[in-house]
Amino acid sequence: MSKAVVELPPKGGFNFDLCRRNEMLLKKGASPPSFRKTGTTIVGLIYQEGVILGADTRATAGSIVCDKNCEKIHYMAPNIYCCGAGTAADTEAVTDMVSSQLQLHRYHTSRESRVATALTLLKSHLFNYQGYVQAALVLGGVDVTGPHLHMIYPHGSTDALPFATMGSGSLAAMAVFESKYCEGLNKEEGINLVCEAICAGIFNDLGSGSNVDICVITKGHKEYLRNYRVPNTRAHFSSKEFTFPKKTEVLLTKIVPLREKIEVTEDGDAMEE
Amino acid sequence: MNFTVSKQPENCLLGPESDSQRTLYPYVTGTSVVALKYKDGILMAADMGGSYGSTLRYKNVERMKPIGKHSLLGASGEISDFQEILRYLDDLILYDNMWDDGNSLGPKEVHNYLTRVMYNRRNKFNPLWNSLVLGGVKKGEKYLGTVSMIGVNFEDNHVATGFGNHLARPILRQDWHENLSFEDGVKLLEKCMRVLLYRDRSAINKLQIAKITEEGVTISQPYSLKTYWEFSAFANPAQGAVGTW
């Protein structure tokens, strides 16, 4: 009698087959690889004309800083940006994915994307994975219904707030916001407050550091200020020159300066398409 | 047949009656204490709440007490252990007074005593579950130090315990400067306590501010801070997106 094999439909979500193998490896003493996390300070606030997002630029793998100047403010739509904290791969992947979904949606509807759409796409994806996709996001943008700022947690819950902070430096940044935020800030005050909050995270939290990135979104216009403030420039450069091993005879010394970095000062095109 | 189940692991180094006497968890706890040095001495603030797990059980707990002539002690953590520490310090000050030699224990000495007590208790696996803040002025010299339940001690221009470390110290690092006036110091402490009130779930809106100067200790009457909840985004958060809080 032939055995009928029923083809089960492919299961969604994660495949936990390797868990047993991992447990066995742990027992034998192999340590699991650490992920690259963005132990982070990310903030957002709503001001008079729109939304300002801010982030630090340090990415850590365990206790080592693996990227001193990474970009944590991700593009979602021309009028929506998203800051990400948590596992770097998860924040990158999830924001990229929703960004493409939003673009397809824009083509389909011939309309500007709304923040609520990005919010729903992100939260339903994260809920689906029950918190295993460790991405904590601050989503901000301005659409036809006005400026919006949302916090999205790894398990899929969301909050709508006038000011929000996330990441390991969120308490330091929140302390600054809670004491200095008021409604109706103008652009300069808003940027200063966001910068202060990120700096509080940079200097008081070990998981955050390096520079401050800022993104200002208003109706019909956005400004992506990469490295708006650089409070941690390198203080020491080694004065030693390159030394050859003792017995080498130096025949000719020729110093060629590296090409100068050309500054492209165009508004906001850096992140699009 | 006789079955005896031993509660201790096989290689236990402690004595037979050990487990029943050691502190394993805190029960009634106080939340953060924040303190800073100002022109004339030390300013310290703490709220008056004693939590029993997640219940706010006691709302009239004084977590700051004067010690001797020159010091002020604030504590967070287990309230009963704080009361025990006060008893130890009482004995210490009494013993010092009995010498009657015109000299009295200053804040540095009390801080050192507390550090030794906390560290030795931790080494016996029976800690006093507190984070202490000790401030004082003696002969014009201001002193502000802290000791944790495992014996970590240091002194600084501004200190905080518990949640205060994460929420208040960034503010203090930015806004504190040498020779603050009394009013500025109080304003700065209130700023910190307000953020703690908003963001620490075990904080209550009933606090005391204590001041210690060369003249002595003054602990204020309990009072509450003004809070602001009228941001328009709080009014109808789901306006922009259904299902969001």
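As a reminder, the structure under discussion sits directly above these lines.
Everything numeric in this text was worked out from a predicted model, so none of it was measured.

Draft legend 1. Molecular detail of the packing of aromatic side chains. All told, the structure shown has 12 aromatic pairs over all chains when counted by the stated rule. Arranged with centres 6.0 Å apart and planes meeting at 20°, the rings of Tyr81 of chain A and Tyr224 of chain A form a pair that is stacked. One end of the pair, Tyr81 of chain A, is in strand 7 (residues 80-87); the other, Tyr224 of chain A, is in strand 13 (residues 221-229), with 143 residues separating them in the sequence. Looking at Tyr224 of chain A, the relative accessible area reads 13%, which means it is buried. Ring geometry for Tyr228 of chain B and Phe231 of chain B: centres 5.1 Å apart, planes at 80°, overall edge-to-face. Residue classification places Tyr228 of chain B among the partly exposed positions, given a relative accessible area of 41%. Exposure remark for Phe231 of chain B: the relative accessible area of 9% places this residue in the buried category. Of the aromatic side chains, those joined through ring pairs into one cluster are Phe163, Phe177 and Tyr181 of chain A together with Tyr228, Phe231 and Phe234 of chain B.

Draft legend 2. Broad picture of the interface of chain A and chain B. Contacts between the two partners involve 25 residues from chain A and, on the opposite side, 25 residues from chain B. Counting the surface lost from both chain A and chain B, the interface buries some 1,900 Å², and carbon and sulfur atoms represent 60% of this. Interface area lost by chain A to chain B is led by Leu171, Glu178 and Glu183 of chain A, which between them contribute 26%. A salt bridge links Arg199 of chain B to Glu178 of chain A; its shortest N-O distance comes to 2.8 Å. The interface formed by chain A and chain B holds 4 residue pairs in polar contact (both at pLDDT 80 or more) in total. Residue assignment for the side of chain A that touches chain B shows that the elements contributing at least two residues are helix 3 (115-128), strand 9 (146-152), strand 10 (158-160), helix 4 (170-180) and helix 5 (187-204) of chain A. It is helix 4 of chain A that provides the largest number of residues to the side of chain A that touches chain B, a total of 8 residues. Grouping the amino acids of the side of chain A that touches chain B by side-chain chemistry returns 14 nonpolar, 5 polar and 6 charged.

Draft legend 3. Up close: the environment of Val115 of chain A. All names here are of chain A. By the secondary structure assignment, Val115 is in helix 3. Looking at Val115, the relative accessible area reads 0%, which means it is buried. With near-sequence residues (within four places) excluded, Val115 lies in contact with Ile80, Leu139, Gly141, Val142, Asp143, His148 and His150.

Draft legend 4. Representation of the side chain of Thr23 of chain B in the model. Within the element layout of this structure, Thr23 of chain B appears in the segment before strand 1 (28-30). Not counting the four nearest positions on each side in its chain, Thr23 of chain B is found in contact with Asp81, Asn126, Pro127 and Trp129 of chain B.

Draft legend 5. View of the sheet that holds strand 13 of chain A. Residue and element names in this part refer to chain A. On the basis of which strands lie adjacent, the open sheet formed by 5 strands has the order 11-2-3-12-13 and antiparallel pairing. Edge strands, defined here as strands with exactly one partner in the open sheet, are strand 11 (163-166) and strand 13. Adjacent strand axes in the sheet meet at a mean angle of 10°, parallel and antiparallel pairs treated alike. Where strand 2 (residues 42-46) meets strand 11, 4 bridges bridge the pair, whose relative direction is antiparallel. In the strand pairing of strand 11, Gly44 is matched with Ala164. The strands that helix 4 touches are strand 2 and strand 11; relative to strand 11, the one it contacts most, it runs at about 160°. Sheet strands in contact with helix 5 are strand 2, strand 3 (50-56), strand 12 (212-218) and strand 13, and its direction is about 25° off that of strand 3.

Basis of the calculations
- Residues numbered from 1 in each chain as written.
- Chains lettered and ligands numbered in written order.
- Predicted model: local features only at pLDDT ≥ 70, side-chain atom pairs only at ≥ 80, totals over all residues.
- Heavy atoms only, no water.
- Phe/Tyr/Trp six-rings, centres within 6.5 Å; stacked < 30°, edge-to-face > 60°.
- Helix = DSSP H or I, 4+ residues; strand = E, 2+ residues; numbered from the N terminus.
- Buried < 20%, exposed > 50% of the residue type's maximum accessible area, 1.4 Å probe, protein only.
- Contact = heavy atoms within 4.5 Å.
- Buried area = accessible area lost by both parts, 1.4 Å probe.
- Salt bridge = Lys/Arg side-chain N within 4 Å of Asp/Glu carboxyl O.
- Polar contact = N/O pair within 3.5 Å; in protein donor to acceptor, adjacent residues only side chain to side chain.
- Nonpolar A, V, L, I, M, F, W, Y, C, P; charged D, E, K, R; others polar.
- Pairing = 2+ DSSP bridges.
- Axes fitted to C-alpha atoms, helices over the stretch in contact; angles between N-to-C directions.

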